[in-house]
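What follows is each chain in one-letter form.
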Amino acid sequence: MPLRLPLILVSCFGLFMLLQFFWQATFLDQAYGEVLDWVQIIYLFTLWVGAVHLIKLHLKKSQQKKKEAFYSWVTLAGIFSMLGFGLIGGKEQGSLFSWIFDNVQVPLQATMFSLLAFFVASAAYRGFRARSREALVLLLVAGLVMLGRVPIGNLISEWIPDLANWILNFPSMAARRGILIGIGLGSVATALRIIFGVERTYLGR
Amino acid sequence: MNRQLIYILILAAITVPLFLPLGLKHRVTPEVERFYQTIDVLPAGSIVLVSFDFEASTVAETRPLAYAVLRHLFSNNVSVVSLSTLAEGTGLGYNFLSEITEELGKKYGEDYIFLGFRPQYQATILGLGEGFSKVFPKDYLGNELSSLPLAERVKNYDQINLIISIADGDLPQYWVDYAQTRYKKPVLAAVTAVMATSYYPYLASGQFSGLVGGLKGAAEYEVLLGKPGLGFKGMESQSLGHLMIIILIIIGNLTFLSQKKRI
């Protein structure tokens with residue numbers, strides 16, 4: 001019974017969503033609106049589960065006598081201070097919450113992402129080698145697209161952006177389409193397996 | 001070549017154009033032109049839904065994109081209903097919107113509103129089709145939606161002329177899946193460069209009515225607007241950055257070939 005109930009629920013809701021998409025009826029529209037509300041309510045509870053688990057994990061880690069315990073303290077301080085600032089001072093522009101977000105979180109995350117430029121350059125220098133004919137083709141295409149996607153490519157030759165656009169619009173798009181169709185078919189197959197109870201890994205089995 | 005030297009070369013290539021502009025010319029691509037024209041033909045008073053679907057890490061790219069698109073919308077007297085499907089995009093989206101509306105003298109509640117954030121984007125996108133006030137009874141600032149003149153004009157997607165997703169991930173795809181397919185609303189996507197290639201099939205199939213990709217797209221959009229901004233500036237740095245990486249790859253390969261010959 002503990003296993004059957006979620007299977008029945010998933011099947012019913014899966015079939016309902018399928019039915020309401022293809023069949024127009026007032027009662028289905030109303031039920032669909034209710035289902036959407038429930039999706040958001042359930043999602044909010046999963047957020048709580050995630051947050052509580054994260055806090056419990058870092059509380060445990062912060063008690064351990066390891067060098068990494070410091071990072072757990074930083075995480076906990078961040079969670080509770082932002083929660084406090086948001087609850088007490090609000091999140092409007094000019095509030096402490098908003099100031100920390102704009103002046104700490106945004107620059108920190110943007111900096112972390114910007115570091116990629118340096119790592120990519122270093123990795124390209126070390127690893128992007130024409131070891132075979134295929135690697136040479138990859139190297140030439142990558143160079144062409146990199147130049148074609150910036151105005152300096154146009155400055156070198158008008159052909160470079162045209163060629164880069166052709167690569168993006170034809171070979172690259174064909175490959176991408178193939179992947180998308182594959183993903184689409186795979187999603188349909190997985191959805192049907194879940195609806196009919198064949199796929200049960202989401203239950204931890 | 002050691003790692004430190006590579007880092008210094010990249011740093012120089014990126015920072016020099018910020019102080020010494022190169023004055024590079026931008027050629028407008030057809031996808032950006034389509035994006036621009038789709039907005040440009042909207043009559044004054046149309047309502048566009050703008051979704052800030054990005055996080056703080058990509059702000060260097062999403063800010064120029066958002067500025068260019070919002071400037072175009074407000075200059076054409078199009079009303080904007082905006083929201084965010086990601087928590088971090090909420091604060092950033094509101095800031096961008098406030099800066100541009102202040103610059104162009106637009107009024108909150110009449111010319112634009114910001115609904116804020118709701119978790120679970122699939123349910124949010126689908127829920128807006130049932131009713132905006134059902135998903136967002138209050139806006140980001142805590143006003144009742146019924147108290148805002150613009151919100152009174154918008155019940156669901158029927159009153160929306162266009163949906164624009166400014167994104168750094170796969171959110172534009174969800175707008176196509178759940179808003180374009182189901183409610184037949186045209187969708188435009190302004191995305192980071194790394195995501196742009198993934199969306200060319202959607203553009204070719206007509207599921208996107210236009211696509212602006214990365215700083216390059218933002219710079220091209222600024223050309224069309226006739227107002228150079230952050231995209232122009234950033235693109236010069238990116239140009240030299242790309243060139244430096246290509247030079248490094250060539251040096252790396254020449255070293256590799258010379259070593260191979262010696263063996």
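Criteria and thresholds
Residues numbered from 1 in each chain as written. Chains lettered and ligands numbered in written order. Predicted model: local features only at pLDDT ≥ 70, side-chain atom pairs only at ≥ 80, totals over all residues. Heavy atoms only, no water. Helix = DSSP H or I, 4+ residues; strand = E, 2+ residues; numbered from the N terminus. Rg over C-alpha atoms; globule rule 2.2 N^0.38 Å. Buried < 20%, exposed > 50% of the residue type's maximum accessible area, 1.4 Å probe, protein only. Domains from an automatic or database assignment. Contact = heavy atoms within 4.5 Å. Buried area = accessible area lost by both parts, 1.4 Å probe. Salt bridge = Lys/Arg side-chain N within 4 Å of Asp/Glu carboxyl O. Pairing = 2+ DSSP bridges. Axes fitted to C-alpha atoms, helices over the stretch in contact; angles between N-to-C directions. Parallel < 35°, antiparallel > 145°, perpendicular 65-115°, else oblique. Left-handed = near helix turned anticlockwise from the far one by under 90°. Right-handed = clockwise from strand over helix to strand, strands pointing away. Phe/Tyr/Trp six-rings, centres within 6.5 Å; stacked < 30°, edge-to-face > 60°. Lys NZ or Arg CZ within 6 Å of the ring centre and 35° of its normal. Nonpolar A, V, L, I, M, F, W, Y, C, P; charged D, E, K, R; others polar.

Description of the overall build of chain A
Reasoning step 1: Of regular secondary structure, chain A possesses 8 helices and 0 strands.
Reasoning step 2: Reading the secondary structure of chain A in the N-to-C direction produces α-α-α-α-α-α-α-α.
Reasoning step 3: In terms of C-alpha radius of gyration, chain A reaches 26 Å, well past the compact-globule figure of 17 Å for 205 residues.
Reasoning step 4: Principal-axis analysis of the C-alpha atoms gives chain A an extent of 65 × 50 × 40 Å.

Things to note about unusual backbone geometry
Backbone geometry follows two general trends: most residues other than glycine have a negative phi, and most peptide bonds adopt the trans configuration.
All names here are of chain B.
Reasoning step 1: Backbone geometry places Asn77, a non-glycine residue, at a positive phi of 55 degrees.
Reasoning step 2: Relative to the helices and strands, Asn77 resides in the loop between helix 3 (59-75) and strand 2 (79-84).
Reasoning step 3: With relative accessibility at 43%, the residue Asn77 sits in the partly exposed group.
Reasoning step 4: With a phi close to 65 degrees, Gln120 is a non-glycine residue in the positive phi region.
Reasoning step 5: Relative to the elements of secondary structure, Gln120 occurs in the loop between strand 3 (112-117) and helix 5 (121-130).
Reasoning step 6: Here Gln120 falls in the buried class, since its relative accessible area comes to 18%.

Let's talk about the domain arrangement of chain A
Residues and elements named next belong to chain A.
Reasoning step 1: Segmenting chain A into domains produces domain 1 (1-89) and domain 2 (93-128).
Reasoning step 2: Summarising the inter-unit geometry, the C-alpha centres of domain 1 and domain 2 are found 27 Å apart.
Reasoning step 3: On the side of domain 2, 5 residues touch domain 1, which itself brings 4 residues to the contact.
Reasoning step 4: When the two sides are added together, the surface that domain 1 and domain 2 hide from each other amounts to roughly 400 Å², 87% of it contributed by carbon and sulfur.
Reasoning step 5: Of all residues in domain 1, the largest losses of buried area upon contact with domain 2 belong to Met82, Phe85 and Gly89, amounting jointly to 91% of the total for that side.
Reasoning step 6: Inspection of the region where domain 1 meets domain 2 yields 0 salt bridges.

So, the sheet that holds strand 2 of chain B
To summarise the sheet geometry, strands pair through backbone hydrogen bonds and adopt either a parallel or an antiparallel arrangement.
Residues and elements named next belong to chain B.
Reasoning step 1: Judged by pairing direction, the sheet is parallel, and its 6 strands sit side by side in the order 3-2-1-4-5-6 without closing on themselves. At either margin of the open sheet sits one strand with a lone partner, and together these are strand 3 and strand 6 (208-213). Shown here is a sheet whose adjacent strand axes are inclined to one another by a mean of 15 degrees, direction ignored.
Reasoning step 2: Across 5 bridges, strand 4 (residues 162-167) lies against strand 5 (residues 187-191) in parallel orientation. From the neighbouring strand, Ile164 faces strand 5, where its bridge partner is Leu188.
Reasoning step 3: Lying on the sheet, helix 2 (residues 30-40) is in contact with strand 4, strand 5 and strand 6; it crosses strand 6 at an angle near 120 degrees.
Reasoning step 4: Strands in contact with helix 3 are strand 1 (47-53), strand 2, strand 3, strand 4, strand 5 and strand 6; relative to strand 4, the strand with the most contacts, it is inclined by about 160 degrees.

Considering the packing of helix 4 (residues 96-127) of chain A against helix 12 (residues 230-262) of chain B
Reasoning step 1: Direction vectors running N to C along helix 4 of chain A and helix 12 of chain B enclose 25 degrees, while the axes themselves pass 7 Å from each other. With respect to helix 12 of chain B, the element helix 4 of chain A is oriented roughly parallel. Between helix 4 of chain A and helix 12 of chain B lies a crossing whose hand is right-handed. Each of Val120, Ala121, Ala124 and Tyr125 of chain A in helix 4 of chain A lies in contact with helix 12 of chain B, whose residues at this interface are Ile245, Leu248, Ile249, Ile251 and Gly252 of chain B.

Looking at the environment of Tyr202 of chain A
Reasoning step 1: For Tyr202 of chain A, the location among the structural elements is in the segment after helix 8 (171-195).
Reasoning step 2: Residues contacting Tyr202 of chain A, with those up to four places away along its chain left out, are Pro6, Leu7, Val10 and Ile194 of chain A.

Thoughts on the pairing of strand 1 of chain B
If a strand is regular, its side chains alternate between the two faces of the sheet.
All names here are of chain B.
Reasoning step 1: Where burial is concerned, most of strand 1 is hidden: 7 out of the 7 residues are buried.
Reasoning step 2: Here strand 1 shows a buried face lined by Ile47, Leu49, Ser51 and Asp53 and a second buried face lined by Val48, Val50 and Phe52.
Reasoning step 3: Taken together, the 5 bridges between strand 1 and strand 2 define a ladder with parallel strand orientation. The partner of Ile47 across the bridge, within strand 2, is Ser79.
Reasoning step 4: Read from strand 1 through helix 3 to strand 2, the crossover connection turns out right-handed.
Reasoning step 5: Summarising the sheet, strand 1 and strand 4 pair through 6 bridges and their orientation is parallel. Across the sheet, the residue bridging to Phe52 is Ile166, located in strand 4.

Some thoughts on the side chain of Thr62 of chain B
Reasoning step 1: Within the element layout of this structure, Thr62 of chain B appears in helix 3.
Reasoning step 2: Beyond its immediate sequence surroundings of up to four residues, Thr62 of chain B is in contact with Phe54, Phe96, Ile166, Ala167 and Thr192 of chain B.

Some remarks on the packing of aromatic side chains
The description of two aromatic rings rests on the distance between their centres and on the angle between their planes.
Reasoning step 1: A complete count under the given rule lists 24 aromatic pairs over all chains for this structure.
Reasoning step 2: Taking 6.0 Å as the distance between ring centres and 80 degrees as the angle between the ring planes, the aromatic pair formed by Phe52 of chain B and Phe54 of chain B counts as edge-to-face. Note on accessibility: Phe52 of chain B and Phe54 of chain B belong to one class, buried.
Reasoning step 3: Cluster of aromatic residues (ring-pair linked, three or more members): Phe52, Phe54, Tyr67, Tyr94, Phe96, Phe114 and Tyr140 of chain B.
Reasoning step 4: A cation sits over an aromatic face here: Lys91 of chain A above Tyr140 of chain B, 4.4 Å from the ring centre.
Reasoning step 5: Here the basic side chain of Arg129 of chain A rests over the ring of Tyr125 of chain A, its NZ or CZ set 5.9 Å away from the ring centre.

Remarks on the packing of helix 1 (residues 3-19) of chain B against helix 12 of chain B
Residue and element names in this part refer to chain B.
Reasoning step 1: Taken N-terminus to C-terminus, the directions of helix 1 and helix 12 make an angle of 150 degrees; their axes are 7 Å apart at the nearest point. As judged from the angle between their axes, helix 1 and helix 12 are roughly antiparallel. Crossing handedness for the pair helix 1 and helix 12: right-handed. Contacts between helix 1 and helix 12 pair Ile6, Leu9, Ile10, Ala13, Ile14, Pro17 and Leu18 from the former with Lys233, Glu236, Ser237, Leu240, Gly241, Met244, Ile245 and Leu248 from the latter.
Reasoning step 2: Of the residues in the contact of helix 1 with helix 12, the class split is 11 nonpolar, 2 polar and 2 charged.

Considering the pattern of salt bridges
Reasoning step 1: Enumeration according to the criterion identifies 6 salt bridges over all chains in this entry.
Reasoning step 2: The salt bridge partner of Arg193 of chain A is Glu199 of chain A, with a shortest N-O separation of 3.5 Å.
Reasoning step 3: For the salt bridge of Glu110 of chain B with Lys107 of chain B, the shortest nitrogen-to-oxygen distance reads 3.6 Å.
Reasoning step 4: Taking the relative accessible area as the measure of exposure, Lys107 of chain B reaches 49% and is therefore partly exposed.

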